[in-house]
Amino acid sequence: MAYLFTESGRARLAEVVKPGVLCAFDFDGTLAPIAPQPDQVHIRHGVLQRLNTLRRHAPVAVITGRSVEDARARMRFEPDYLVGNHGLEGVPGWNGHAAEYEKFCRQWRAELSERMGRGGLEPAIWLEDKRYSLSLHYRAAEHRSLAEKQLADLVATLRPKPRIIGGKCVLNLVPVDAPDKGQALAQLLRDSQCESAIYVGDDATDEDVFRLRDRSILTVRIGHAAHTAAAFFLDNRSEVAILLDELIVRLRGVHHQNQARSRAGDRLDGAMTSR
Ligand SMILES: [Mg+2]
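These numbers were taken from a predicted model, which means no experiment stands behind them.

> Got a minute to help me understand the overall build of the protein chain in this structure?
Counting secondary structure elements, the protein chain contains eight helices and eleven strands. For the protein chain, buried positions account for 51% of its 275 residues. Within the protein chain, contacts between residues at least 6 apart in sequence are counted, and of these 62% link residues at least 24 apart. For the protein chain, the exposed area adds up to about 13,300 Å²; of that, 49% sits on carbon and sulfur atoms. When the 38 positive and 36 negative side-chain charges of the protein chain are each reduced to one mean point, those points stand 3 Å apart.

Written as structure tokens, this is what we have:
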């Protein structure tokens, strides 16, 4: 894992960031700073402006753990692709499984609510129902490691067994066969007919993309980590704005080069016709 803004990182950016690149991002902790409550999260003005500029040069995808409805409401930005619920909601063809995912979540929610209602768990734990997946948050718990242990024990009793995706003070429960973020990005690449992609994320759920190990996908993690499959890292989320500027400059530069080539071609055509 190497820092992105180095010689090797810039060489990979030059390989991947060109016309036909899909620029894909996680939302919480990547495009938007994490807040004490998920409903306080929003993209700040500077990043928003850059995303709107980037969209003029390349398709932009947001792949988030939030539901599509929730993400759209707080994004103040219309990406070309918006995939929710950790990769299972919004990719082409996902509707065929939606009813089944929803049924599993209803069962889990009923069991969890009943168990949480009996007491004995850390009091600040709360259950977020994202319709096709559930999230158990313990950021506000006084004893986070105890809360995490209690939730892990509780979730282990659920049937059918969910796939569990860890996160920052959250356990996400997802239907076992549902596509993950990596599968979602691979499908978006095929559907958009893009030739390459850059993906930026900050959390355990983004490892599904980082693990793709596809030469056409440049993976960037927010923050250095010992155990990650991401190829590159940024020091912190505030460097996302610098990366967006870099993407815009590179894509704009290529656009200008192509325009100049096309003008030169026109001049050559004109000269040949006037002969
Ligand atoms: Mg995140």
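> Help me out: how do you make sense of the pairing of strand β5 (residues 126-129) in this one?
Look at any regular strand and the pattern is simple: side chains alternate between the two faces of the sheet. Pairing analysis gives four bridges linking β5 to strand β6 (residues 134-137), with the strands arranged antiparallel. Counterpart to Glu 128 in the pairing with β6 is Ser 135. Where β5 hands over to β6, the hairpin turn is made up of four residues, of which Arg 131 adopts a positive phi near 70°.

> Would you explain the domain arrangement of the protein chain in this entry?
On domain assignment, one finds that the protein chain holds domain 1 (2-89 + 179-261) and domain 2 (96-174). Relative to domain 2, the C-alpha centre of domain 1 lies at a distance of 28 Å. Contacts between domain 1 and domain 2 engage 20 residues on the former and 15 residues on the latter. Between domain 1 and domain 2 the total buried area reaches about 1,300 Å² when both faces are included, carbon and sulfur atoms providing 57% of it. At the boundary of domain 1 and domain 2, one finds two salt bridges. Residue Arg 163 pairs with Asp 208 through a salt bridge whose shortest N-O separation is 3.7 Å.

> I'm lost on the coordination of the magnesium ion in this one. Help?
Each pair of donors in an ideal octahedron of six around a metal sits at 90 or 180 degrees, and each pair in an ideal tetrahedron of four sits at 109.5 degrees. Looking at the magnesium ion, one finds its protein donor set to be Asp 26 (OD), Asp 28 (O) and Asp 202 (OD), positioned 2.1 to 2.2 Å from the metal centre. Taking relative accessible area as the criterion, Asp 28 reaches 22% and is therefore assigned partly exposed.

> Mind showing me how you'd approach helix α4 (residues 95-117) here?
Each α-helix turn comprises 3.6 residues. Residues three or four places apart therefore point the same way. With 23 residues, α4 extends 33 Å from end C-alpha to end C-alpha; this agrees with the ideal 33 Å at 1.5 Å per step. Turning to α4, its buried residues are Ala 98, Tyr 101, Phe 104, Cys 105, Trp 108 and Leu 112. The inward-facing, buried residues of α4 abut β5, β6, α5 (144-155) and β8 (170-174). Just past α4, the residue Gly 119 takes up positive phi, approximately 85°.

> How should the sheet that holds β8 be read in this particular structure?
Across the sheet, four strands lie side by side as β5-β6-β8-β7; this open sheet has antiparallel pairing. In this open sheet, the two strands that pair with only one neighbour each are β5 and β7 (163-167). Ignoring strand direction, the axes of neighbouring strands in this sheet form an average angle of 20°. By the bridge criterion, five bridges tie β7 to β8 in an arrangement that is antiparallel.

> For this particular structure, what's the right way to read the state of the cysteines?
What we call a disulfide is simply a covalent bond connecting the sulfur atoms of a pair of cysteines. Scanning all chains against the criterion turns up zero disulfides. In this model Cys 194 remains outside any disulfide bridge; the closest cysteine sulfur is found in Cys 23, 8.4 Å from its own. Cys 194 gets classed as buried once you look at its relative accessible area, which sits at 13%.

Thresholds, definitions, all that
- Residues numbered from 1 in each chain as written.
- Predicted model: local features only at pLDDT ≥ 70, side-chain atom pairs only at ≥ 80, totals over all residues.
- Heavy atoms only, no water.
- Helix = DSSP H or I, 4+ residues; strand = E, 2+ residues; numbered from the N terminus.
- Buried < 20%, exposed > 50% of the residue type's maximum accessible area, 1.4 Å probe, protein only.
- Contact = heavy atoms within 4.5 Å.
- Areas by Shrake-Rupley, 256 points an atom, 1.4 Å probe, with all protein chains shown as cover.
- Lys, Arg positive; Asp, Glu negative; His and termini not counted.
- Charge placed at Lys NZ, Arg CZ, Asp CG, Glu CD.
- Pairing = 2+ DSSP bridges.
- Domains from an automatic or database assignment.
- Buried area = accessible area lost by both parts, 1.4 Å probe.
- Salt bridge = Lys/Arg side-chain N within 4 Å of Asp/Glu carboxyl O.
- Donors = N, O, S within 2.8 Å, 3.2 Å for Na, K, Ca; no water.
- Expected span 1.5 Å × (residues − 1).
- Axes fitted to C-alpha atoms, helices over the stretch in contact; angles between N-to-C directions.
- Disulfide = S-S within 2.5 Å.

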